[in-house]
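Structural features, examined
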Amino acid sequence: RGRGLQMGQHLTSMMGPTDPALSVDIDFVNTQAPESDEAAACIERVSAAMTALQDYQPKPAPIRDAISKPNDHAIAVTAVVALIPNVDTIAEWYALSSVLTQQIGDTTEHISQNTPRANHGGTTIGDLPADSCALAKMLHFCWKFDQGKMMQPGIQNDFAGYRRVVGKVSSAEVPGMVVDEAESSTISMWIADMAPFTGKASGTVQTNERRAVLAALANCCAGMASRAGGAATGGGFDPKAASAVVPVGSVQWLIEVMVACLVFYDRASLPGMAHVFESREVQIKKCVASIKKCGGPGTTALCNSLKYATLHYDDASASIQRALE
């Protein structure tokens, strides 16, 4: 551990001011559940949502039939019936996004309001490991789900197909049709976002205090991954299985949480706020170096996430852009 800290100190001495969070260790594996029952329940729901994403089976055939014969009412009814299970799943994800947004906002606020102990040098994430662990799991889900959703175009196609025919069918004809035409419009805009969970939830951390928590958590994960040493050998990001389970607390998981924090931080940058590539509280060079060192088979996808899921990559310095290539 001493050797790891010396290396971390050497790296950060080349990058400017050091965040104490770089040397904080959190036991993400054995930490008890957060005090908030709502946060604990939310974490259980995200696990089920990720399973649903992994098991999702698109239904292109009934959509094609409905498009080819737009005036055939019976085919429209058949299409709606076939699509209802998938539409209900997407509607559940949308409902979860509202709960998750609230919990991420509440958890970051709680951590930001905690008074840090002197031995942690001004950072609170090490003082509240249960809350920090809960926040890490929620942010990780948002990033992981959004990555998986991008690899599954059938999700958006199913919902678009449903919207095309749902107006032709009454609820009396199709029992169990709980997503009507009006609600489908709102959900459609949400699921069409490249990063639906991140895009929605990042709106709840648009304060300097809450963004500081994201920065500290990103720096913490970068430091922990670097001290672990070596590249990740398992659980890498596979485009064919984008939502593959990565063990909590593993090097790969730490790097993915770090990237999630960075994406959230950048998307929460209001005018006048420093974005993630210029912020002094984010050790961005250290974070990028951690991806290169520890990203394993997921290195390219992790770098691409910082390039394409953030909003200010084009404003990043030339040196950071080169580092992400």
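Further up the page is the structure itself.
Quick summary incoming for the structure in this document. Note that the structure is predicted; figures quoted are calculated from it, not measured.

**Overview of the overall build of the chain**
When you go through the chain residue by residue, the secondary structure sums to 13 helices and 0 strands. When the helices and strands of the chain are placed in sequence order, the string is α-α-α-α-α-α-α-α-α-α-α-α-α. The buried share of the chain, taken over its 325 residues, is 51%. When contacts within the chain are restricted to residue pairs at least 6 apart in sequence, those whose partners lie at least 24 apart make up 80%. Of the roughly 14,300 Å² of accessible surface on the chain, a fraction of 53% belongs to carbon and sulfur atoms.

**A look at the nonpolar core**
Nonpolar side chains tend to gather and get buried jointly when the protein is soluble and globular. If you look at the biggest cluster of nonpolar residues, it comprises 96 residues, and the most contacted ones within it are Phe28, Trp93, Ile104, Phe141 and Met258. In terms of residues, this core owes the most to one element, helix H4 (residues 73-113), which gives 15 residues. Residues in contact with Trp93, not counting those within four places in the same chain, are Ala49, Ala52, Leu53, Tyr56, Phe145, Ile155, Trp190 and Phe197.

**Notes on the packing of helix H6 (residues 153-166) against helix H7 (residues 181-192)**
Two numbers describe how H6 lies on H7: the axes approach to 10 Å, and their chain directions differ by 155°. When the interaxial angle is binned, H6 and H7 end up roughly antiparallel. For the element pair H6 and H7, the recorded crossing hand is left-handed. Of the residues in H7, those in contact with Ile155, Gln156, Phe159, Arg163 and Val166 of H6 are Glu181, Ser184, Ser185, Ile187, Ser188, Ile191 and Ala192.

**What to know about the environment of Pro70**
Positionally, Pro70 belongs in the loop between helix H3 (60-68) and H4. Taking the C-alpha atoms as reference points, Pro70 and Arg164, separated by 94 residues in sequence, lie 9.4 Å from one another.

**With respect to H4**
Between its first and last C-alpha atoms H4 spans 58 Å; for 41 residues at 1.5 Å apiece the expected length is 60 Å, and the two agree. Helix geometry: H4 is bent most strongly at Ile84, by close to 45°, with proline Pro85 lying one to four residues after it. N-capping of H4 is provided by Asp72, with a side-chain oxygen placed 3.1 Å from the backbone N of Ala74.

Thresholds, definitions, all that
Counting restarts for each chain, with residues numbered from 1 along the sequence as it is written. At least 70 in pLDDT is required for a residue's local features to be given in this predicted model, at least 80 for side-chain atom pairs to be given and counted, and no such filter applies to totals for whole chains, interfaces and linings, which use all residues. For the side-chain quantities, the full set of heavy atoms in the structure was used; hydrogens and water were omitted. Working definition: helices are DSSP H or I runs of at least four residues, strands are E runs of at least two. Numbering for both runs from the N terminus. Working definition: with a 1.4 Å probe on protein chains only, accessible area under 20% of the residue-type maximum means buried, over 50% means exposed, and in between means partly exposed. What makes two residues a contact is simply this: any of their non-hydrogen atoms within 4.5 Å. Each accessible area value is a Shrake-Rupley result obtained with a 1.4 Å probe; residue values ignore everything except the protein chains displayed when judging cover. Buried Ala, Val, Leu, Ile, Met, Phe, Trp, Tyr and Cys residues form a nonpolar core when they are joined through side-chain atoms within 4.5 Å. A fitted line through C-alpha atoms represents every axis, and for helices the fit uses only the stretch in contact; the resulting angles, taken between N-to-C directions, go from 0 to 180 degrees. By definition in this entry, angles of less than 35 degrees are roughly parallel, angles greater than 145 are roughly antiparallel, angles of 65 to 115 are roughly perpendicular, and the rest are oblique. Each crossing is labelled by how the near helix is turned from the far one, with a counterclockwise turn of less than a right angle marking it left-handed and a clockwise turn marking it right-handed. To estimate how far a helix should reach, multiply one less than its number of residues by 1.5 Å. The term bend refers to the angle at a residue between two fitted axes, each drawn through seven residues, those ending there and those starting there. Pairs of N or O atoms within 3.5 Å make up the polar contacts considered here, provided that, within protein, one atom can donate a hydrogen while the other can accept it, and that residues adjacent in sequence are counted only when both atoms are side-chain atoms.

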